[in-house]
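Summary of structural features
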Amino acid sequence: MISNKPMDIPCSLQERKILEKIALAAKDLRLPAYLIGGFVRDKILGRRTKDMDIVCVGDGIALAHKVAESLGDKVPVSFFKTYGTAQVKWNELEIEFVGARKESYRQESRNPEVTEGTLQDDQNRRDFTINAMAISLREEDYGSLLDPFNGMEDLEAKIIRTPLEPSQTFSDDPLRMMRAIRFASQLQFTIVPEAFAAIQENAERIRIISQERITDEFNKIMLSPKPSVGLDLLYKSGLMKIILPQMVDLVGVEMQEGKGHKDNFYHTLQVVDNIAQNTRDLWLRWAALLHDIAKPATKKFEPGHGWTFHGHDALGGKMVTRIFSKFKLPMGDKMRLVKKLVELHLRPISLTKENITDSAIRRLLFDAGDDIDGLMLLCEADITSKNRVKVKRYLENFELVRARMKEVEESDRIRNWQPPVTGEMIMEIFGLSPGRVVGELKTAIREAILDGEIPNTYDAAYAFMLEKAKSFNLTPVK
Ligand code: CTP
């Protein structure tokens, strides 16, 4: 039994079982096989992972078929002959098989010339030392770690380093520049200076990578524990300027008449980190990233007064649509949520500054609807003042707004407001066909409820409607 041999990485019983099957299949086919890449890295780090990459010296597709056969006849193999890769799904594990490769890239193309290689060749062509570690599945040294670039040491030192000359690694596959920054943010590792310099040098080459792959890495940065780490590295590397230049426009402080405004780039990064402490929701994090995106475009200096950014909320909403489209992010509900939060992000904070009327609270509940909790998280995250007293006061005021919202919602049920008297009812009562008058009556009822003129009930709305209809010379038909 191979599986009784100790392994250099901690694996569950189920993982050991599948690795043993792979080892036996490889032995049958006389193919040296290895577990390699992210799975090895994540196991050493104690992170959860479900993707296994198996590399063998020879035909990876044949090995996948042999493994699937040994797992029972219901296990399907999906394979791509052109790439020589195959995938087997078993329970929740996704296992990729590939023959060891040697790659050489040409400057003008993103597609490398691939030839068969040894394990060492395959390890050489990988992105980072921490991703190039392999576990042998051969009988003679089953379970032992094969780590030619001291990936283990780099994992311990929390360092991201390329196996070969960094400029070569990044120029070969420019997505790796995003990956380096993503790992730095996700794992809270440091990119070694020579690798970071190579990213700065090669940043322009990111243009040959598809938007989908860039977005995928960007979202992983957004989902990391402290996204500002990755976002700042994107800026400093020159990649942000290429992939999301509107963010770079936020950088810097301008002075006039001795008055400066805050650096909106670093403010934004702080807001993203703040919201990340309270939610793992990618879209709320995107809303934090884009909440001030229109500040540069709306910035004005008013002599004697200072800097203003009037309308940055509304224009910001428009920019969300453009940025989502460019990033090929979902254009449906997710985009609408981010747009809405950007448009409304000043509303709760303005409520803390004035005497709060029930009507203002009702209007906010009405406009935000079910997204009110997300909006409140964004607004709280937006408080980045260094003045502790101010922060404390704002947060306390926020609690007041929350409490008032709760009261108003309990009595008026505005959050998921449905008109107590509908357009269809109005048409039926007055014998009208669809048109302007129906719309005006509906709006008048809604405004009366939001202003607190009448309660949010059918009877009150019905009586109000009858009264209002008189000004249109309307009488009920029955
Ligand atoms: N790899 C690479 N260059 C890339 C992508 C991947 O060298 N541009 C190699 C790395 O060795 C990596 C392995 O292929 O570990 C598997 O890649 P992938 O599954 O995309 O990433 P993981 O490293 O497993 O990490 P994650 O699952 O977090 O994306």
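Structure: above.
All values reported here derive from a predicted model rather than from experimental measurement. (Residues numbered from 1 in each chain as written. Predicted model: local features only at pLDDT ≥ 70, side-chain atom pairs only at ≥ 80, totals over all residues. Heavy atoms only, no water.)

Some thoughts on the nonpolar core
- Counting 143 residues, the largest nonpolar core has Phe218 and Trp286 as the members making the most contacts within it.
- Core analysis: the next-biggest nonpolar cluster, separate from the first, contains seven residues, Val55, Val98, Leu119 and Ala134 among them. (Core = buried A, V, L, I, M, F, W, Y, C linked by side-chain atoms within 4.5 Å. Buried < 20%, exposed > 50% of the residue type's maximum accessible area, 1.4 Å probe, protein only.)

Here's the deal with the site of the ligand
- Near the ligand there are 13 residues, and of these Arg41, Asp127, Asn131, Asp173 and Arg182 occur at the shortest range.
- Here Asp127 contributes a backbone N or O atom positioned 2.8 Å from an oxygen atom of the ligand.
- Arg176 places a side-chain nitrogen or oxygen 3.0 Å from a nitrogen atom of the ligand.
- Of the residues assigned to the shell around the ligand, the class counts are one nonpolar, three polar and nine charged.
- Two domains each put at least three residues into the shell around the ligand: domain 1 (2–156) and domain 2 (158–243). (Near = heavy atom within 4 Å. Polar contact = N/O pair within 3.5 Å; in protein donor to acceptor, adjacent residues only side chain to side chain. Nonpolar A, V, L, I, M, F, W, Y, C, P; charged D, E, K, R; others polar. Domains from an automatic or database assignment.)

Here's the deal with the packing of aromatic side chains
- Under the criterion given, the structure shown has 12 aromatic pairs.
- Judged by centre distance (5.4 Å) and plane angle (35°), the ring pair of Phe218 and Trp286 falls under tilted. Here the residue Phe218 occupies a position in helix H9 (residues 211–222), and Trp286 occupies one in helix H14 (residues 282–290), the gap between them amounting to 68 residues.
- Overall, Phe218 belongs to the buried group, its relative accessible area being 0%.
- Taken together, the aromatic side chains of Phe218, Trp283, Trp286, Phe324 and Phe327 make up a single cluster linked through ring pairs.
- Residue placement shows Lys299 over the ring face of Trp307; its charged tip is 5.1 Å from the ring centre. (Phe/Tyr/Trp six-rings, centres within 6.5 Å; stacked < 30°, edge-to-face > 60°. Helix = DSSP H or I, 4+ residues; strand = E, 2+ residues; numbered from the N terminus. Lys NZ or Arg CZ within 6 Å of the ring centre and 35° of its normal.)

Coordinates in, geometry out; function isn't part of it.
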